[in-house]
Amino acid sequence: MNEKEFETLLEDYLPEEKKSGDVVEGIITRKEMDYGFLDLNAKKEGRIYASEVKDFEIGDKIEVKVLREDDDNIIVSKFMLDKAKELASFNVDDIVTGEIVKKIKGGYTVKIGKNDAFLPFSLARFEKDKDYTGQKFKFIIKEKNKSNITISRIDLIKIEEEKYFESVNVGDVVTGKVKEIFDFGIILDLGAASGFIHISEISWDQVDNLHERYKIGDEVTAKIIEKDVEKNRLKLSIKQLSEDPWIAFEKSHNVGDVVEAVVKGVLDFGIVVTVDGNSGFVHVSELAWHNGSKELKNYKVGDKFSAKIIQIENEKKNVKLSVKQLSENPWNTVKEKYHIGDIIEKPITEVFDFGLLISLEKDIDGLLHVSDLSYKRESNLTSKYKAGDLIKFKIVDFNDEKNRVTLSAKALLDDKWDVLEETYDFDKSYKGKVMNVQDYGIFVELEKGIEVFIHKNEFSWDKREHKEYKVGDEVEFKVIVIDKIEKKLSGSIKQLEKSPWKEVTEKYKKGNIVNTEIVEIQENFVLVKLTDRFNGIIPKRELTEEFLKDISEKFSVGDKVEAVITDINEKRKSIALSLKKVQEMEEKKELDELMKVYGV
């Protein structure tokens, strides 16, 4: 064997050099605290982390990957070899399970076996502000190269949704957990998909508050009632898992049946109830034959009571009920007992601004409207009437529709007005109490409900006299006008005595010569006293034949004069006199006497 052949043979037996990245087989020779050592059939031992060989024994043969070489050892790793093999085994579209390690720029780092993968935010379908660190999810491999993997959760969800939608059909019963709660419905997490239950599909009964009924995470079973394949949406129903209670109710109940109702809500106009799981309503007018509003206050949520079915609304799935129809209508008894025209006296039950309520019988009221109290306008009734006061009235009408009796106190006055002139001798004077005082006159009570109006012009014959009256004063008067149509009486205080005009005209006639005195002097006339209450007027031109520039030059107040009445004006209520004509009459008389003596 020559030298060259020997070198070739030696090369076959000498340990070969190990390069970074090589995959080699080694035998575990020893294990220390931090490292293990391998026989790699090389010039140097292989060194490996102790944790990588903890499950192996000395003498075991393992496959490792060469990482690098230092002065003493060849550094190898079984983990890196396994990681590389695992990476090589992954393929695009593979479904893998990974754990969220941390959030980084643009997405998340996810641990898949021994390898790290990148999950972009756009492919995660995670809530923005929620921390998912440490949570495990399934993903689909979106992209892969020699060292990196990009994964997607959203694509896997879509695939699973499509598979799920293919596997379910309308009518299937599914179970999920409450994911979200709205005022109008809830969303269930069905695992691979979500389903929506509208509030109307929660129960056959009316549901008002879903937040009180459910909480996040509650497990709910529901029935699929609609499947939208294009949008991958499911509509669910809880109530359709059971039979509609209306169907059974409709078959077993009729109008007139008496049922038990449970109060669900009290409104201003009635009570919302349930009857055998169905919706019902009692209007306030059906709670009592009389004053249902008052009866409404006696009901509260949860109360149970009996009622009669008065209407079954199939389209609305609603039943209308009545409580009052369980007893006889007291209206029939009232119409037998009372008649139009009856005059009754009863206590007032309630006082309102619009009138008085009077109880005739139990559950039957009569209304005495403010317009039927008196012929004068009444106001502020609460200050004039109170509950318990007795009041006399007349029945004038029966309202069968409202079960109400119409009453009138004013109608009693009609009867009085018909015989008013027979009752009173209006040639006489009467006394009454002042009930109301106005600027233009006073109202005096002749009797209860009948008042006499006295205008201020009728207070006194002397317009200069100022008379004042107050409420409660007693005055004497005469009735001077009777208006039966308008139901009004007018009176006068001054006509209790003879008018100054009548007094003077009875005493004096045109042509009478009177001896009187001047009581007042004005620029163009003087006033002379005819009676204590009436003065006559003498114009300036009738005082004398002479020209008078100023009456006061020749006449004074208190002067005694003789004058003749020249005019009595009924319309103006004035009497004119003349001094000048008295002188003319005397001159004529003298002439007449001379003519008798000397005339031919």
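Just so it is clear, the structure is predicted and the values come from calculations on it, not from any experiment.

Participant: Any chance you could break down the UniProt feature "domain: S1 motif" (unreviewed entry) in the protein chain for me, citing the residues and the numbers?
Facilitator: UniProt's entry tags residues 21-79, 171-239, 256-324, 341-410, 427-494 and 511-580 with the feature "domain: S1 motif" (unreviewed entry), counted in the numbering of this structure. Helix makes up 3% of residues 21-79 and strand 56%. Its end C-alpha atoms lie 13 Å apart. Spanning residues 427-494, this segment combines 0% helix with 56% strand, and its end C-alpha atoms are found 14 Å apart.

Participant: Can you break down the layout of surface pockets residue by residue, with the values?
Facilitator: Approximately 1200 Å³ is the volume attributed to the largest pocket. As for the largest pocket, its lining consists of 36 residues, and the residues nearest its centre are Ser 460, Trp 461, Asp 462, Lys 463 and Arg 464. If you list the elements that add at least two residues to the lining of the largest pocket, you get strand E27 (429-438), strand E28 (441-447), helix H11 (500-507), strand E34 (534-539) and strand E36 (574-578). Per element, the largest residue contribution to the lining of the largest pocket is four residues, and it comes from E34. Of the residues in the lining of the largest pocket, the class split is 13 nonpolar, nine polar and 14 charged. There is about 1000 Å³ of room inside the second largest pocket. Forming the boundary of the second largest pocket are 32 residues, of which Ser 374, Lys 376, Gly 449, Ile 450 and Glu 451 lie nearest the centre. Elements supplying a minimum of two residues to the lining of the second largest pocket: strand E25 (390-399), helix H9 (410-418), E27, E28, strand E29 (450-455) and strand E31 (488-492).

Participant: Mind laying out the sheet that holds strand E15 (residues 233-237), listing which residues take part and the relevant values?
Facilitator: Here five strands make up a closed barrel; going around it, the order is E11-E12-E13-E15-E14 and the pairing mixed. Each strand axis lies, on average, 50 degrees off the axis of its neighbour in the sheet, ignoring direction. Direction of pairing for strand E12 (residues 185-189) relative to strand E13 (residues 194-198): antiparallel, over a ladder of five bridges. Bridged to Gly 185 within E13 is His 198.

Participant: Explain the confidence of the model for the protein chain residue by residue, including any values.
Facilitator: Residues of the protein chain with pLDDT of at least 70 account for 97%, and the chain-wide mean is 85. Element-level pLDDT for the protein chain is lowest in helix H1 (residues 3-13), with a mean of 45, against a maximum mean of 95 in E36. Considering only residues more than four positions removed or in separate chains, one finds that residues 5-14, a stretch of pLDDT under 50, has two contacts.

Participant: Help me get a handle on the pattern of salt bridges, residues and values and all.
Facilitator: By the definition in use, this model includes 23 salt bridges. Between Lys 78 and Asp 82 there is a salt bridge whose closest N-O contact spans 3.0 Å. One end of the pair is Lys 78 and the other is Asp 82, both in helix H2 (residues 78-89) and four residues apart, which spans about a single turn. Given the relative accessible area of 19%, Lys 78 is considered buried.

About the thresholds
- Residues numbered from 1 in each chain as written.
- Predicted model: local features only at pLDDT ≥ 70, side-chain atom pairs only at ≥ 80, totals over all residues.
- Heavy atoms only, no water.
- UniProt positions renumbered as here; feature names shortened; annotations may be inferred.
- Helix = DSSP H or I, 4+ residues; strand = E, 2+ residues; numbered from the N terminus.
- 1 Å grid on protein atoms, 1.4 Å probe; cavity = no way out; pocket = protein on both sides within 12 Å on 5 of 7 lines; lining within 4 Å.
- Points joined across faces, edges and corners; volume = space filled by probe spheres on them.
- Nonpolar A, V, L, I, M, F, W, Y, C, P; charged D, E, K, R; others polar.
- Pairing = 2+ DSSP bridges.
- Axes fitted to C-alpha atoms, helices over the stretch in contact; angles between N-to-C directions.
- pLDDT = per-residue confidence, 0-100.
- Contact = heavy atoms within 4.5 Å.
- Salt bridge = Lys/Arg side-chain N within 4 Å of Asp/Glu carboxyl O.
- Buried < 20%, exposed > 50% of the residue type's maximum accessible area, 1.4 Å probe, protein only.

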